Every structure is written in C-alpha cells, then in structure tokens.
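# Structural overview for review
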Amino acid sequence: MTDSGTMMPPVRPAFDSASDATHPAVTALAAARLVLARDLKLAFRKRSQLVQPLAFFAIVTTLFPLGVSPELSRLRPMAAGVLWAAALLASLLALEMLFRDDAQDGTLEQYALSGGSLTWLLAAKTAAHWLLTGLPLALMAPLAGIALGAPNGAVPGIVVSVAVGTVALSLIGSIGAALTLGIRRSGALLSLLTLPLDIPVLIFGARATELAIGGEAYGVPLQLLAAVAVLGLTLAPLAAAAAVRINLE
Amino acid sequence: MSEFCLKGENVHLWRGDHHVLRGVRFQVGAGECLQLTGANGTGKTTLLRTACGLAYPEGGEITWRGQNIREDMRAFHAQLAYLGHEPPLKSELTARENLHYWIGVRRRLEGRELDQALERVGGNQWADRPVRTLSAGQKRRAALAGLTLMRVPLWLLDEPTTNLDAEGQKLVGTLIDEHVQAGGVALAAVHHELAVSRPNGLRRMELTFD
C-alpha cells in the first residue's frame, strides 16, 4: 500500500510450510558482526555518549596534578594509580547504557527471540562497548600518563595494559549491566556489583603500568591481566545472556 | 514434525500476588488467526509473552507442533515473529537500516526484499529518513514490514493496529489474511476487531478477570 492508500501486489508467501527448517540462515558469527556494526553506527550518530567517558577520563587526569602538585617527580609515582582509577570509572560511566536502550525499545526481546545465540549477540554488544570506550581510553592513556610524568618509553606498556584491562572491565561490566536491566537509575547498584569484581583488574593493570613507567619488565602482571580478560571472555557473555533472559520475563 | 499448531493447556502465571493467567486454554492451528480480547489487565500481553517463551508459566504447558516450546526454545523462536507494543526501531537509524539490522540477525536479507516489504507498507517515501522523524503510525508500518520479512509460520502480535490510520488497519488485516491463507498461524491481542477480508480462519477468545 502506498501513502495514498493504493494496494501493492502481495509479496510471496511468508514461509515454506512444507519445511521444518525455519532456523535462521545466518551464522551466530554473522549475526554478531551485524550487531557490532549496528552499535558502532548508532554510537557515531549519538556522539555525545561516545565522548562522555573520554571527557571524564581527561578531566580527572588533568585535574589531579592541579590538586596534588605540578612537579613531575611527585606525580610520577602516582601516575599508574590515577590512570587506572580514572579508566575504571570512565568505563563504568558508559556501562549503564550498554543494554538499557535495547531493552527499552524491544531490541533485546527481538534478539532473545531471534532463534540465534543471545550469548553471541551480547558478546558483540560488549565488543562494541570496548571499541567505543576501552580502546579510545587505551589510546588516550599515554597522553595522560606523559602529563603525569611517565617517560615516552612507557607508552607501549600503558597502551597494552589499559587495552587488555578495559577488555576485562567491559566484560565484567556486561554482567552487571545485564543484572540491573530491570532497575531504574541502576548506576549505583551497577557500581556496587561490578567494582569488587574489577579490583583484580585494577591491581594487575596498575602494577603493569607502574612497571612500564619505571622502565621495568611488566610481562607478569600483564599476563595476569590477560588471564582475567580471557576468563571474562569465557564466562561473561553466558552470564549476561542468562541475566538478560531473566530480566525480559 | 507435525502441522503448525500452537496450543496452551491450563496455563497459570502469577505476577507477585496477582494470578494473571488462570488455567488459560487455547489452540490455534495452520490457517487460523486467534484474536485475544479483553479489558486492560486481563493478561493479553502476558499470554502472548508466555506463548513466545519470554515469560515462564508456573503451571500448564505451551506446545508448538506437538512439542513443549521449552524443549527446543531456539528452534521454536526461529519459527516465530513477535511484535510488542513498541516497534523495535532505533531513532537514529533510518527505517531501512533498522530493518536491515533487525531482520539480518535472523536471516539473510536481500536489498530487493527490503524494498518490496517497505513498498508494501507504504514506506517508499520515508524509508531513508531517521526513525526519530517518523510518526508513530509510520514506525508501526516499518515494524509490519519487519514482520513480513521474517518469513516464519507463527505470528504473535500485540495490538498490531495501534497508532495506525484506517488504511493501516486494513493493511494489518490484509497481511494477516495472506499469512493464514498461506497456512500460517497468528495470535493477536487486540482491542478492536481486526479488519480481515476473509474471516473464515478468524476466531476470538476473550480473557476475563475471573
């Protein structure tokens, strides 16, 4: 039917009634790629949400020297801790919206009813969250680190540790975001749920960054950080999918 | 696998202390559309959500093609389309983009199919406009285009004519007509009788508070 009300010829019958095979013709990976592409496109059309965590990170790391001391010799020992506390809180800031919009407009319901793997689709959403929050933070962290007295040689260590650590933060956060879906203004509860789980990430991440700033080998804490990320990658999408299903009820 | 048939047997569901579904029985087979009517709060939406597996009934069972839907939920979901109160559309994306991402998660979609479905619901004029600029009726039409694109035998529709003008309401009737004529099954919660032109397969069930 057109806008003027003219009927258009009918489309062909909606399904093959002789077949049982009405399973989706797309693979879980292809569906996940589509969700990732959609979330990235949406984020670039809603830039304010994209910039918010980065602006927060920049403000915290910039204000810190003003409050403590502008002397680099005093800032350098604290740089790793400041970078990591700011990165953790900036990552947390964007978490509340990870699934909320999709829950409100029925998109999550459609994902749950798609006949595909909800776990993969939520993993894709979490990947998009990391690409839009964690990765930019990892790229921005060396600048903040240098402003806090880190030497140029520490840049690779800072980037890698923040990049790996924020993967773990996004994955852990996805569980909290899924669990608090049904609660209005869930920010405080989300923080309470996820911050205890984020502590190992904070400890290993800050240690790796600290060693990198000091010019020492940071392989061991980085490996532990990667282990937390791998554990998160294995368990978090499953847990998030289970929590979303419960909240959709 | 047996013929398309959705059946609810003695379905009970509570929301807190409120016993919403009290032993509900229904059956809707191939070539049929069952309209659920009833006052607000009688559980029409809850029954639809239970029928599609989003809500868990405390008692009774729902079967699709003779099998409890909980036995292979993903296979069941792959055969149903559910349209809730709100069309699952993102306001920052165009109607076409929304359908591409929404339906693309379920099945491979060709651009021509998308064009046809949008044309069918009168969407040629607004398919490439951001959804935030569309009226509520146009959004509903975009959701109807998504429904036809899913190509599944079971339609579960919650107030499918909401926000639609008279032509749009006729369109819903026509789409349901074609779906059931092709051997599909439809279960629709409605406040007003659906405007179907071939009422043979149309049945009505009223939910009450008792």
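Residues numbered from 1 in each chain as written. Chains lettered and ligands numbered in written order. Predicted model: local features only at pLDDT ≥ 70, side-chain atom pairs only at ≥ 80, totals over all residues. Heavy atoms only, no water.

Quick look at the confidence of the model for chain A now. All names here are of chain A. Residues with a pLDDT of 70 or more make up 90% of chain A, whose mean pLDDT is 88. This model gives residues 1–13 a pLDDT under 50, and the stretch forms 28 contacts once residues within four places in sequence are excluded. Counted against residues more than four places away or in other chains, residues 17–24, with its pLDDT under 50, gives 16 contacts. (pLDDT = per-residue confidence, 0-100. Contact = heavy atoms within 4.5 Å.)

All names here are of chain B. At a closest axis distance of 11 Å, the pairing of helix H3 (residues 95–104) and helix H4 (residues 111–120) adopts a crossing angle of 125 degrees. The pairing of H3 with H4 is recorded here as oblique in orientation. Handedness of the crossing formed by H3 with H4: right-handed. Taking contact as the criterion, the partners of Arg96, Leu99 and His100 in H3 are, on H4, Leu114, Asp115 and Leu118. Of the residues belonging to the contact of H3 with H4, the class tally is three nonpolar, one polar and two charged. (Axes fitted to C-alpha atoms, helices over the stretch in contact; angles between N-to-C directions. Helix = DSSP H or I, 4+ residues; strand = E, 2+ residues; numbered from the N terminus. Parallel < 35°, antiparallel > 145°, perpendicular 65-115°, else oblique. Left-handed = near helix turned anticlockwise from the far one by under 90°. Nonpolar A, V, L, I, M, F, W, Y, C, P; charged D, E, K, R; others polar.)

Turning our eyes to something else, we now look at the environment of phenylalanine 44 of chain A. Residue and element names in this part refer to chain A. In this fold, phenylalanine 44 is placed in helix H1 (residues 28–45). The partly exposed category is assigned to phenylalanine 44, whose relative accessible area is 45%. Separated by 88 residues in sequence, phenylalanine 44 and leucine 132 place their C-alpha atoms 9.3 Å apart. Residues contacting phenylalanine 44, with those up to four places away along its chain left out, are Leu50 and Leu132. (Buried < 20%, exposed > 50% of the residue type's maximum accessible area, 1.4 Å probe, protein only.)

A few words now on the sheet that holds strand E8 (residues 185–189) of chain B. All names here are of chain B. With respect to topology, five strands assemble into an open sheet ordered E6-E7-E8-E3-E9, the strand pairing being parallel. Since the sheet does not close on itself, it has two edges, and those belong to strand E6 (80–83) and strand E9 (202–206), each with one partner. Recorded for the sheet is a direction-independent mean angle of 15 degrees between the axes of neighbouring strands. Its contacts with the sheet put helix H1 (residues 44–51) on strand E3 (32–37), E6, strand E7 (154–158), E8 and E9, and the angle it makes with E7 is roughly 155 degrees. Running at roughly 155 degrees to E7, helix H6 (residues 166–181) makes contact with E3, E7 and E8 of the sheet. (Pairing = 2+ DSSP bridges.)

Turning next to the packing of aromatic side chains. Residues and elements named next belong to chain B. For the coordinates displayed, the defined rule picks out two aromatic pairs over all chains. Arranged with centres 5.6 Å apart and planes meeting at 5 degrees, the rings of phenylalanine 4 and tryptophan 64 form a pair that is stacked. Pair noted here: phenylalanine 4 is in the segment before strand E1 (5–15) and tryptophan 64 is in strand E4 (residues 59–64), with a separation of 60 residues, a long-range link. Taking relative accessible area as the criterion, tryptophan 64 reaches 4% and is therefore assigned buried. (Phe/Tyr/Trp six-rings, centres within 6.5 Å; stacked < 30°, edge-to-face > 60°.)

Before going further, it helps to examine the nonpolar core. Residues and elements named next belong to chain B. One finds Leu6, Phe26, Leu156 and Leu187 to be the most contacted residues of the largest nonpolar core, which totals 61 residues. There are two domains that each give this core at least three residues, and those are domain 1 (1–79 + 153–210) and domain 2 (91–151). Apart from residues lying up to four places away in sequence, phenylalanine 26 is in contact with Leu6, Lys7, Gly8, Leu34, Leu47, Ala51, Leu187 and Met205. If you look at the next biggest cluster of nonpolar residues, it comprises 39 residues, including Cys33, Ala95, Val121 and Trp155. (Core = buried A, V, L, I, M, F, W, Y, C linked by side-chain atoms within 4.5 Å. Domains from an automatic or database assignment.)

A separate point is the pattern of salt bridges. In the structure shown here, the tally under the stated rule is 21 salt bridges over all chains. The partner of aspartate 39 of chain A in a salt bridge is arginine 38 of chain A, with the nearest N and O atoms 2.9 Å apart. For aspartate 39 of chain A, a relative accessible area of 9% gives the class buried. Ionic pairing is found between glutamate 113 of chain B and arginine 107 of chain B, a salt bridge with its closest N-O pair at 2.7 Å. (Salt bridge = Lys/Arg side-chain N within 4 Å of Asp/Glu carboxyl O.)

This paragraph deals with the pairing of E1 of chain B. Residue and element names in this part refer to chain B. The pairing of E1 with strand E2 (residues 18–29) spans nine bridges and is classified as antiparallel. Residue pairing for E2: leucine 13 is matched across the bridge by leucine 21. Hairpin connection of E1 to E2: two residues between the antiparallel strands, including glycine 16 at a positive phi of 65 degrees. The sheet contact formed by E1 and E4 spans five bridges and is antiparallel. Note on E4: the bridge partner recorded for leucine 6 is tryptophan 64.

What the largest pocket holds in volume is close to 740 Å³. Lys46, Gln49, Met97 and Asp101 of chain A together with Lys90 of chain B are the residues nearest the centre of the largest pocket, which is lined by 36 residues in total. Listing elements by their share of the lining of the largest pocket, those giving two or more residues are H1, helix H2 (47–67), helix H3 (72–95), helix H4 (97–104) and helix H6 (118–147) of chain A together with helix H5 (136–150) of chain B. Along the lines of polarity and charge, the residues of the lining of the largest pocket split into 14 nonpolar, nine polar and 13 charged. (1 Å grid on protein atoms, 1.4 Å probe; cavity = no way out; pocket = protein on both sides within 12 Å on 5 of 7 lines; lining within 4 Å. Points joined across faces, edges and corners; volume = space filled by probe spheres on them.)

Another point: H1 of chain B. Residues and elements named next belong to chain B. When you tally the buried positions in H1, you get seven out of eight residues, the bulk of the element. Among the residues of H1, those classed as buried are Lys44, Thr46, Leu47, Leu48, Arg49, Thr50 and Ala51. Phi for glycine 53, located one or two positions after H1, is positive at around 90 degrees.

Before going further, it helps to spend a moment on H6 of chain B. Residues and elements named next belong to chain B. Taking 1.5 Å per residue as the helical rise, H6 with its 16 residues ought to reach 22 Å, and the 22 Å between its terminal C-alpha atoms agrees with that figure. By the burial criterion, the buried members of H6 are Gly168, Leu171, Val172, Gly173, Leu175, Ile176, Asp177, His179 and Val180. As for H6, its buried residues are in contact with E3, H4, H5, E7 and E8. After H6 finishes, the residue glycine 183 shows a positive phi value of roughly 100 degrees. (Expected span 1.5 Å × (residues − 1).)

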